[in-house]
Amino acid sequence: MNEPIIARHWLAIAAPKAAPAIATSTVLTLGRIWNTNGAEHSVGNAALMVVLATGAATAGAFASAGHAGDPVIAGTAFAVSGGLALAGVAGYADGISLPLLLWALATAVAYGLAARYWRTDRRDTIAHHRHTTERHETHAHVERVEALRAGAQIEVARTGAAYAEQLATALITRAALPGFDPAALANAGLPELPAADIAKEH
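Sequence positions are assigned chain by chain, starting from 1 and proceeding in written order. The model is predicted, so local features are restricted to residues of pLDDT at least 70 and side-chain atom pairs to those at 80 or more, both for listing and for counting; the totals for chains, interfaces and linings are taken over all residues. Hydrogens are left out, water is left out, and the side-chain values use all remaining heavy atoms of the structure.

What follows deals with the overall build of the chain. The number of helices and strands found in the chain is 6 helices and 0 strands. Here the term buried applies to any residue with accessible area under 20% of the maximum for its type, exposed to any over 50%, and partly exposed to those in between, with areas from a 1.4 Å probe on protein chains only. Expressed as a percentage of its 202 residues, the buried residues of the chain come to 16%. Residues are treated as being in contact if the distance between any of their heavy atoms lies within 4.5 Å. Within the chain, residue pairs in contact and separated by at least 24 positions form 62% of the contacts whose partners lie at least 6 positions apart. Note on areas: these come from Shrake-Rupley sampling with a 1.4 Å probe, and a residue is covered only by the protein chains present in the view. By element, 68% of the accessible surface of the chain is carried by carbon and sulfur atoms, the whole surface being about 14,600 Å². Helix and strand definitions follow DSSP, with helices as H or I runs of at least four residues and strands as E runs of at least two, each counted in order from the N terminus.

Take the pattern of salt bridges next. Within this document, salt bridges are pairs made up of a side-chain nitrogen of Lys or Arg and a carboxyl oxygen of Asp or Glu, the two lying within 4 Å of each other. Under the counting rule described, the total for this entry stands at 2 salt bridges. Glu146 serves as the salt-bridge partner of Arg149, at 3.2 Å between the closest nitrogen and oxygen. Placement of both Arg149 and Glu146 in helix 4 (residues 97–176) is noted, with a separation of 3 residues, approximately one turn of the helix. With a relative accessible area of 40%, Glu146 lands in the partly exposed category. The salt bridge partner of Glu155 is Arg158, with a shortest N-O separation of 2.8 Å. Here Glu155 and its partner Arg158 are both found in helix 4, 3 residues apart, which amounts to about one turn of the helix.

Its location among the elements puts Gly95 in the loop between helix 3 (71–92) and helix 4. Residues Gly95 and Glu40, 55 residues apart in the sequence, show an inter-C-alpha distance of 9.6 Å.

Moving on: the side chain of Thr24. Of note, Thr24 is situated in helix 1 (residues 10–39). We define a polar contact as two N or O atoms separated by no more than 3.5 Å, with the added condition that, inside protein, one atom must be a possible hydrogen donor and the other a possible acceptor, whereas residues neighbouring each other in sequence contribute only through side-chain atom pairs. At 2.8 Å, the side chain of Thr24 forms a polar contact with the side chain of Thr107. Not counting the four nearest positions on each side in its chain, Thr24 is found in contact with Leu86, Trp103, Ala106 and Thr107.

Our focus in this paragraph is a nonpolar patch on the surface. Patches draw on residues past 30% relative accessible area with no salt bridge. Two like charges within 9 Å are joined, as are two nonpolar side chains (Val, Leu, Ile, Met, Phe, Trp, Tyr) within 5 Å. Residues Leu105, Val109 and Leu113 make up a contiguous nonpolar surface patch of roughly 290 Å² in combined accessible area. Looking at the secondary structure, you find Val109 in helix 4.

Attention now goes to the confidence of the model for the chain. Detail in the predicted coordinates should be disregarded across regions flagged by low pLDDT. Looking at the chain as a whole, the pLDDT averages 77, with 77% of positions reaching at least 70. When pLDDT is averaged over each helix and strand of the chain, the minimum, 48, is found for helix 6 (residues 195–201) and the maximum, 86, for helix 4. Confidence scores here are pLDDT values: one per residue, from the predictor, ranging 0 to 100. Note that pLDDT drops below 50 for residues 196–202; the model gives that stretch 5 contacts with residues more than four away or on any other chain.

With that settled, the discussion passes to the side chain of Thr107. Mapped onto the secondary structure, Thr107 falls in helix 4. By relative accessible area, Thr107 is classed as buried at 10%. In contact with Thr107, other than residues within four places in its own chain, are Ala21 and Thr24.

Right, here's the structure in full:
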């Protein structure tokens, strides 16, 4: 069984690898835009971002602490918390040094978390590919065995048909010989033609 080969575009391959950097860069850019529009040294805006970031982190902690906690929800909540904290600092700080430092730190953490997911996904993909290959090899082996078995049965049937034809030809030739005596053959224990066939030939 042949499966179609699907070649992925290089953008489809590179997009997941660039997603963490794009996300943190977008947050940093929006934070600096917010800074230029009046958020710099605004205590109210900073307090709002602190509350939102703390709430997102708390939600992530609760999501990961439960017995049936969903790691995807927890990771998303922590990512939102980090993004809000980065946006708050980028919007409140008067310089670019601290926002850039936090951007680099957030990007490194994002890639660290994404690397774990990529490793797990790669292991699952390799395991699925190995399982599919083994299943195909098993099916191919069964098909080969069945083909050999069918070929052997056809060969046996062909051989039997040839033998039956040769035997019929020999019996007909024997019956046509001069001085053929079926009774003498029967007394000698040799095979004889059925009475109906002998009557037809005579």
